[in-house]
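Listed here are the chains, written in short residue letters.
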Amino acid sequence: MTEKRAFSVQIFVPMGDPEGLRIIEKSNWTGQGLMFPRAIFAEVRQRPELQRAGVYVLWGPGVFGQLPRIYVGEGDFLRARLDQHHKQKDFWTHAIVFTSKDQNLNKAHVQYLEARLVSLASQARRAELDNGNVPQLPVLSEADAADAEGFLADILLCLPVFGVTVFEKSKAPAHLPNGQQELFLRAKGIEARGIESAEGFIVRSRSQAVKTEVPSIHAYLSELRQSLLANGILQDAGEFYCLTEDYTFNSPSTAAGILLGRSANGRTEWKDAKGRTLKVLQEAAAA
């Protein structure tokens, strides 16, 4: 597993509202990100950064369930593209754009970034993708492609700072760090395995889920189950559903609820090989 390296970011709030425009810059990076809610687009569109070439992500509530809906685009004049989407796309509530402070990104670079981000989102299957097709990568020289990949790597480091994780495919580590336990859920004839992570709770591929939901299941869980089925994350395996790949849920309770078809307390449902609950393990670790 690739070792993670420390880095620093600076977030500037030019309008004084933490929920408004936020500008992110990363150490040793020529790039710059601007995140903002659609409600203040009229003000943000005047920013000089939107007169450059760049790549952007729009997102909002999904159509089919609890997964967000996203659109990835590019433009050599970002304002014009965002103006168009402001008129023609109704779903998005937030946007984030990435451009270069030294204006070294050209049309081919941003087309490359768009294609790579769409491909990553398609593979991750953690959002409804509004893009009709995965764009083809433009032809770049070896040096330009390397520069674009470097810029992309920094974008992917910055996005989770804003809570945007739809480009990251869930992957449980093959070897757990010292002290971390693999956890199990066994109930109602199914069995599942998972681990805690900084991002959420990762349920491993081939874990099983019940088919029948209880009538009192929370709408959030029912809708998320439908989204996972529609995206092929959950697949019919006869007597139960089966997880087709590792998948990250926002909490142990959400993971347990999806698998059991009912509201569940993940801290007591998930247990280690010795039968100790996640709650007991967490309290022991804190002590």
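Residues numbered from 1 in each chain as written. Predicted model: local features only at pLDDT ≥ 70, side-chain atom pairs only at ≥ 80, totals over all residues. Heavy atoms only, no water.

**Some remarks on the packing of aromatic side chains**
Argument step 1. Per the counting criterion, the structure on display carries seven aromatic pairs.
Argument step 2. For the ring pair Phe36 and Phe41, a centre distance of 6.3 Å and an interplane angle of 25° mean the geometry is stacked. Note on accessibility: Phe36 and Phe41 belong to one class, buried.
Argument step 3. Taken together, the ring pairs connect Trp29, Phe98 and Phe151 into an aromatic cluster.
Argument step 4. Over the aromatic face of Phe91 sits the side chain of Arg69, whose NZ or CZ is 4.7 Å from the ring centroid.
Argument step 5. Its end group placed over the ring of Tyr71, Lys89 keeps NZ or CZ at 4.3 Å from the ring centre. (Phe/Tyr/Trp six-rings, centres within 6.5 Å; stacked < 30°, edge-to-face > 60°. Buried < 20%, exposed > 50% of the residue type's maximum accessible area, 1.4 Å probe, protein only. Lys NZ or Arg CZ within 6 Å of the ring centre and 35° of its normal.)

**Let's talk about the pattern of salt bridges**
Argument step 1. Taken as a whole, this structure holds 18 salt bridges when the rule is applied.
Argument step 2. The closest approach of N and O atoms between Glu74 and Lys107, which form a salt bridge, is 3.0 Å. Separated by 33 residues along the polypeptide, Glu74 in strand β5 (residues 69-75) and Lys107 in helix α3 (residues 107-124) bring together distant segments of the chain.
Argument step 3. In this structure, Glu269 engages Arg262 in a salt bridge whose closest nitrogen and oxygen atoms are separated by 3.1 Å. (Salt bridge = Lys/Arg side-chain N within 4 Å of Asp/Glu carboxyl O. Helix = DSSP H or I, 4+ residues; strand = E, 2+ residues; numbered from the N terminus.)

**Looking at unusual backbone geometry**
Argument step 1. Its identity is not glycine, yet Gln103 carries a phi of approximately 60°, on the positive side.
Argument step 2. A positive phi angle is found at Arg125, which is not glycine, with a value near 55°.
Argument step 3. Inspection of the secondary structure puts Arg125 in the loop between α3 and β7 (128-129).
Argument step 4. According to the relative accessible area criterion, Arg125 is partly exposed, its value standing at 25%.

**A look at the sheet that holds strand β1 (residues 9-12)**
Argument step 1. The seven strands lie next to each other as β1-β2-β3-β6-β4-β5-β7, forming an open sheet whose pairing is mixed. On the outer flanks of this sheet lie β1 and β7, each paired with one strand and no other.
Argument step 2. In this structure, β5 lies alongside β7, joined through two bridges in parallel fashion. Bridge pairing in β7 places Arg69 opposite Glu128.
Argument step 3. Where helix α2 (residues 78-88) meets the sheet, it contacts β3 (31-37), β4 (54-60), β5 and β6 (94-100), and its direction lies at approximately 20° from that of β4.
Argument step 4. Strands β4, β5 and β7 of the sheet are contacted by α3, whose axis makes an angle of about 165° with β5. (Pairing = 2+ DSSP bridges. Contact = heavy atoms within 4.5 Å. Axes fitted to C-alpha atoms, helices over the stretch in contact; angles between N-to-C directions.)

**A look at the pairing of strand β8 (residues 183-187)**
Argument step 1. Sheet analysis places β8 next to strand β9 (residues 190-196), joined by five bridges and oriented antiparallel. Counted as the bridge partner of Leu185 is Ala192 from β9.
Argument step 2. Counted between consecutive antiparallel strands, the loop separating β8 from β9 contains two residues, among which Lys188 sits at a positive phi close to 55°.

**Side note on the packing of α3 against helix α4 (residues 142-158)**
Argument step 1. Between α3 and α4, the shortest axis-to-axis distance is 10 Å and the interhelical angle comes to 50°. As summarised for this structure, α3 and α4 are arranged oblique, according to the angle between their axes. The handedness of the crossing between α3 and α4 is right-handed. Contacts between α3 and α4 involve His109, Tyr112, Leu113, Arg116, Leu117 and Leu120 from the former and Asp144, Ala145, Ala148, Glu149, Phe151, Leu152, Ile155 and Leu156 from the latter. (Parallel < 35°, antiparallel > 145°, perpendicular 65-115°, else oblique. Left-handed = near helix turned anticlockwise from the far one by under 90°.)

**A word on helix α6 (residues 252-260)**
Two residues of an α-helix separated by three or four positions point the same way, owing to the 3.6 residues in each turn.
Argument step 1. In terms of burial, α6 is largely enclosed, as eight of its nine residues are buried.
Argument step 2. Pro252, Thr254, Ala255, Ala256, Gly257, Ile258, Leu259 and Leu260 are the residues of α6 that are buried.
Argument step 3. A positive backbone phi angle near 70° is found at Gly261, which sits one or two residues after α6.

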